[in-house]
Amino acid sequence: MTRTLNRLTASQVGAFHDQGFLVLEDAIAPDDLDVLRASVDVLEAWAQHHQHPHFDVEKTSTDDHVALRKIQAIHHHGGEPWRALLTHPLTLDVFEDLLGPDLRFHHSKLMMKPPFEGSAKHWHQDLSEGFVSPAEVARLIEQGTDLTPERAPVVAIQYYLDDSSAANGCIEVVPGSHRRGLHTNPLAPELFSRDEVVQAEVPAGGALLFHCLTYHFSAPNTSPHKRRGPVYEYFAPPDDVALLPRQQDYGLRVRTG
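Residues numbered from 1 in each chain as written. Predicted model: local features only at pLDDT ≥ 70, side-chain atom pairs only at ≥ 80, totals over all residues. Heavy atoms only, no water.

Further remarks concern the overall build of the chain. Scanning the chain from N- to C-terminus turns up six helices and twelve strands. In terms of overall dimensions, the chain is globule-like: its C-alpha atoms have a radius of gyration of 18 Å, near the 18 Å expected for 257 residues. Dimensions of the chain, computed from C-alpha atoms along their principal axes, come out at roughly 55 × 40 × 35 Å. Evaluated residue by residue, the chain yields a buried proportion of 51% over its 257 residues. Approximately 11,500 Å² of the chain is accessible, and the part contributed by carbon and sulfur atoms is 54%. A distance of 3 Å separates the average location of the 22 positive side-chain charges in the chain from that of its 35 negative side-chain charges. (Helix = DSSP H or I, 4+ residues; strand = E, 2+ residues; numbered from the N terminus. Rg over C-alpha atoms; globule rule 2.2 N^0.38 Å. Buried < 20%, exposed > 50% of the residue type's maximum accessible area, 1.4 Å probe, protein only. Areas by Shrake-Rupley, 256 points an atom, 1.4 Å probe, with all protein chains shown as cover. Lys, Arg positive; Asp, Glu negative; His and termini not counted. Charge placed at Lys NZ, Arg CZ, Asp CG, Glu CD.)

So, in C-alpha cells, the structure goes:
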C-alpha cells in the first residue's frame, strides 16, 4: 500500500533515495532565522572568554580571537530555539516521509565556517565518523556494496543560517554514492571522479538532507561571508548496525507511527 506523504512529493522522496541527498529551499521561517542567528552571536561571544569540550575552534584561533568551528549538542547549549528545532513539525514530517513513522534522534551540532578562516572537511561518510565502533566499522566495510542505505537508515539535515555557496564552503556530494557501501575515512580519491561531484548550494533558510553513507566534503571558506549550519540527525531503528550513543538524548523517540 502506498504511504501518504506529509511534506515531500513522491518525486522528492524518489530523488533522495536515488541520489542520497535533497535540497529544501524553505525550511526555517525568517523570524526563526533571526532568533537562531542572535543565539549564535551570544554563543560566539561566550566562547571568546570560556572553553568547553563541546566547543571546537579553528587552528587560527588565538587568545584574543576565538573562531568557532563546531558546537556539539547545540540543542543543549543554545537553549529553547534549538530544542524546538529538534522536534519541528516540518522536520519530523520530512523525516517520516523518508524513513517511516518510527523516528529516533541521533545527535545535533552547529557547524561553523568563519569568514576567511573556516577550514575544509575531508571527503567522508558520516556512518564511520564516530557513529559506530572501529570493530563495527570494519565488519560493515567487509560487507562492501551489500551494505545498502536501507540497512543503515540514518539521515542528517543541515539547516543554513546564511547562504551556503561554493565561495564560503558549501557541502559537495557525490550523487548515488550512498549505494556504494561503507569505506574508511577520509575517502580514497579513487572511489569517485571529480566530474561526479555536485556543489549543494543552499540559500539561507534552506536545508540539505543527506544519507549517512553519502560521500561528502566541504571546502574552506575563502569569502568574507559566514557559513553557519546546524545539523540534526535522525534514524529509524536499523536492522544490523550497532549505532553508538553520541550525546544526551541519543535514541529519543521523536515520533511514533
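Using the criterion set out here, one finds 17 salt bridges in the structure. Note that Arg 194 and Glu 172 form a salt bridge whose closest N and O atoms lie 2.6 Å from each other. Here Glu 172 lies in strand E7 (residues 171-173) and Arg 194 lies in the loop between E7 and strand E8 (198-199), a separation of 22 residues in the sequence. Overall, the relative accessible area of 52% leaves Arg 194 in the exposed class. Assessed through its relative accessible area of 5%, Glu 172 is described here as buried. Three or more residues are tied together by salt bridges with common partners; here these are Arg 7, Asp 93, Glu 96 and Arg 255. (Salt bridge = Lys/Arg side-chain N within 4 Å of Asp/Glu carboxyl O.)

Right, let's talk about the environment of Pro 81 for a bit. Among the secondary structure elements, Pro 81 is positioned in helix H4 (residues 80-86). Sequence spacing of Pro 81 and His 216 is 135 residues, and the spatial spacing of their C-alpha atoms is 28 Å. Not counting chain neighbours up to four residues away, the residues in contact with Pro 81 comprise Val 35 and Leu 36. (Contact = heavy atoms within 4.5 Å.)

The subject of this paragraph is the side chain of Ser 177. Structurally, Ser 177 can be placed in the loop between E7 and E8. Within polar-contact distance, the side chain of Ser 177 engages the backbone nitrogen of Tyr 215 at 2.8 Å. Setting aside anything within four residues of it in sequence, one finds Ser 177 in contact with Leu 213, Thr 214 and Tyr 215. (Polar contact = N/O pair within 3.5 Å; in protein donor to acceptor, adjacent residues only side chain to side chain.)

Before going further, it helps to examine the environment of Phe 55. Inspection of the secondary structure puts Phe 55 in strand E2 (residues 55-57). Residues contacting Phe 55, with those up to four places away along its chain left out, are Leu 43, Trp 46, Ala 47, Leu 68, Lys 70, Ile 71 and His 77.

The next subject is the environment of Ile 157. Tracing the chain through its elements places Ile 157 in strand E6 (residues 154-159). Sequence separation of Ile 157 and Val 94 is 63 residues, and the distance between their C-alpha atoms is 9.8 Å.

To continue, consider the sheet that holds strand E10 (residues 216-218). Hydrogen bonds along the backbone pair up the strands of a sheet, which may run parallel or antiparallel. Strands sit in the order E5-E10-E7-E8 across an open sheet of four strands; the sheet is antiparallel. Two strands bound the open sheet, and with one partner strand each, they are strand E5 (121-124) and E8. Alignment of E7 against E10, held across three bridges, turns out to be antiparallel. Pairing of Ile 171 across the sheet is with Ser 218, part of E10. (Pairing = 2+ DSSP bridges.)

A complete count under the given rule lists eight aromatic pairs for this structure. A centroid spacing of 5.2 Å and a plane angle of 50° characterise the contact between Trp 46 and Phe 55, whose relative ring orientation is tilted. Judged by its relative accessible area of 34%, Trp 46 falls in the partly exposed class. On the accessibility criterion, Phe 55 (11% relative accessible area) is buried. (Phe/Tyr/Trp six-rings, centres within 6.5 Å; stacked < 30°, edge-to-face > 60°.)

Attention shifts here to the nonpolar core. With 40 residues, the main nonpolar core has Leu 209, Tyr 232 and Tyr 234 as its most contacted residues. Counting residues per element, this core draws most heavily on helix H5 (residues 89-99), which supplies six residues. Core analysis: the next-biggest nonpolar cluster, separate from the first, contains 14 residues, Leu 147, Ala 152, Val 154 and Leu 213 among them. (Core = buried A, V, L, I, M, F, W, Y, C linked by side-chain atoms within 4.5 Å.)

Next up on the list: the pairing of E6. Summarising burial for E6: six of the six residues are buried, a large majority. Burial along E6 is two-sided: the face carrying Val 154, Ala 156 and Gln 158 and the face carrying Val 155, Ile 157 and Tyr 159 are both buried. The pairing of E6 with strand E9 (residues 207-211) spans five bridges and is classified as antiparallel. Residue pairing for E9: Gln 158 is matched across the bridge by Leu 208.

With ten of eleven residues buried, H5 lies mostly within the body of the structure. For H5, every residue scored as buried is listed here: Leu 90, Thr 91, Leu 92, Asp 93, Val 94, Phe 95, Glu 96, Asp 97, Leu 98 and Leu 99. Just beyond H5, the residue with positive phi is Gly 100, at close to 100°.

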